[in-house]
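# Observations on the model geometry
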Amino acid sequence: MHPPDTFGYLLLGYGAMFGLIFLYVLSWQLRRRNLEKDLEMLESLEEEEGRKT
Amino acid sequence: MSLSNRTLQILNVLTVLLLVVNTALIFLYAPLERTMGEVQRIFYFHVGVAWVGMAAFVVTLVAGVLYLRTGNLRWDRLGAASVEIGLLFTFLTIVSGSVWARPAWNTWWTWDPRLTTYTIMALIYIAYLMLRQGIDDPNRRARFAAVYGIVGFISVPITFFAIRIWRTIHPAVIGTGSETAQGGFDMTQPMVVVLLFSVATLSVLYVCLMANRLQLAKLAERVEQLKARILSA
């Protein structure tokens, strides 16, 4: 008896799983970039406040 | 889990290498299963991500208890990061299971007790993240999240034992010889080796993702503290 041809599903499964992991890690990069921008802006704001007082 | 940049880089590289070796073992070493064909190879990844996903929620439970005992926000960061990564593993389990189910059960999805409890568990932990978003005060947020993480954990053992408690079409992997295990199958020695290697690799992946996620959480906390300082000045 030959096993059924399910290789396409196997590729779909692994593709989807690694794709999800990749997208999740990519979302970190976006979050990190936004946080670094916020930090930069907040630090310059604090510096400005310090100069005023 | 605070690691230096160098250690983190080594961990990242090690994780990628382990994933490559694991994939090679699954595709080239694990024997072909005769009834299901190639798609059965999804099983090694599916079982691994399911176990590690549930372990991630155990970490949140422990972190919640430790936060309530010590009041240290470090435990809150750990618990929150573990929920996020646990949810990633939960989605990976659902996706891989769904793709496997299509040729095996002739459907992408069915409201079987295991799949239903699994969905409820995922929704409970999605709500955990939503709850955190809704509270600004860090200490209040940490306290609520810790209690929620402890109470929400009830869904994890219910999901794990669903295949023993209710009549289900989902196969049991552990203790297939027992009367309560339905739809189980016997694994050959190479299958067991690949499964154990997968579980170990995915555990390392979890640790790696946690270490990176905690670094991001620290940065977010710095921004939050600075914002609060400027607003109060």
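For the structure itself, consult the block above.
Residues numbered from 1 in each chain as written. Chains lettered and ligands numbered in written order. Predicted model: local features only at pLDDT ≥ 70, side-chain atom pairs only at ≥ 80, totals over all residues.

## Remarks on the overall build of chain A
- Per the secondary structure count, chain A includes 1 helix and 0 strands.
- Taking the principal axes of its C-alpha atoms as reference, chain A extends roughly 85 × 10 × 5 Å.
- For chain A, the residues scored as buried account for 9% of the 53 residues in total. (Helix = DSSP H or I, 4+ residues; strand = E, 2+ residues; numbered from the N terminus. Buried ≥ 20, exposed ≤ 12 C-beta atoms within 10 Å, placed from the backbone.)

## Observations regarding the overall build of chain B
- Scanning chain B for helices and strands turns up 7 helices and 0 strands.
- Listing every helix and strand of chain B by position from the N terminus yields α-α-α-α-α-α-α.
- Its C-alpha atoms give chain B principal-axis dimensions of about 70 × 40 × 30 Å.
- Classification of the 233 residues of chain B by burial places 36% in the buried group.
- Considering only contacts within chain B whose residues lie at least 6 apart along the sequence, 72% involve residues at least 24 apart. (Contact = placed C-beta atoms within 7 Å.)

## Comments concerning the environment of B:Arg77
All names here are of chain B.
- As for its position among the elements, Arg-77 is in helix H3 (residues 73–105).
- Classification of Arg-77 as buried rests on a count of 22 C-beta atoms within 10 Å.
- Arg-77 has contacts with Leu-214 and Ala-217, leaving out every residue within four places of it along the chain.

## Describing unusual backbone geometry
- The phi dihedral of B:Asn106 is positive, around 65°, even though this residue is not glycine.
- Mapped onto the secondary structure, B:Asn106 falls in the loop between H3 and helix H4 (113–133).

## Concerning the packing of H3(B) against helix H5 (residues 138–152) of chain B
Residues and elements named next belong to chain B.
- It is the contact of H3 with H5, at a shortest axis distance of 10 Å, that shows an interaxial angle of 55°. Between H3 and H5, the angle is such that the two are oblique. Note that H3 runs across H5; the crossing there is left-handed. Residue-level inspection shows Leu-73, Asp-76, Gly-79 and Ala-80 of H3 in contact with H5, the latter providing Pro-138, Ala-142, Ala-145, Ala-146 and Gly-149.
- When its residues are assigned to classes, the contact of H3 with H5 shows 6 nonpolar, 2 polar and 1 charged. (Axes fitted to C-alpha atoms, helices over the stretch in contact; angles between N-to-C directions. Parallel < 35°, antiparallel > 145°, perpendicular 65-115°, else oblique. Left-handed = near helix turned anticlockwise from the far one by under 90°. Nonpolar A, V, L, I, M, F, W, Y, C, P; charged D, E, K, R; others polar.)

## Some points on the interface of chain A and chain B
- Taken together, the contact between chain A and chain B spans 24 residues of the former and 28 residues of the latter.
- For the side of chain A that touches chain B, a count of residues per class yields 16 nonpolar, 2 polar and 6 charged.

## Describing the environment of B:Ile158
- Position of B:Ile158 among the secondary structure elements: in helix H6 (residues 155–165).
- Considering only alpha carbons, one finds B:Ile158 and B:Met187, 29 residues apart in sequence, at a separation of 26 Å.

## Here we look at the nonpolar core
- Core analysis: the biggest nonpolar cluster contains 56 residues, and B:Tyr44, B:Ile85 and B:Tyr206 have the highest contact counts within it.
- Of all elements in the fold, only helix H1 (7–52) of chain A together with helix H2 (42–70), H3, H4, H5 and helix H7 (189–232) of chain B reach the threshold of two or more residues within this core.
- Dropping the residues within four chain positions of it, B:Tyr44 is found in contact with B:Ile26, B:Ala30, B:Val194, B:Leu195 and B:Ser198. (Core = buried A, V, L, I, M, F, W, Y, C linked by C-beta atoms within 7 Å.)

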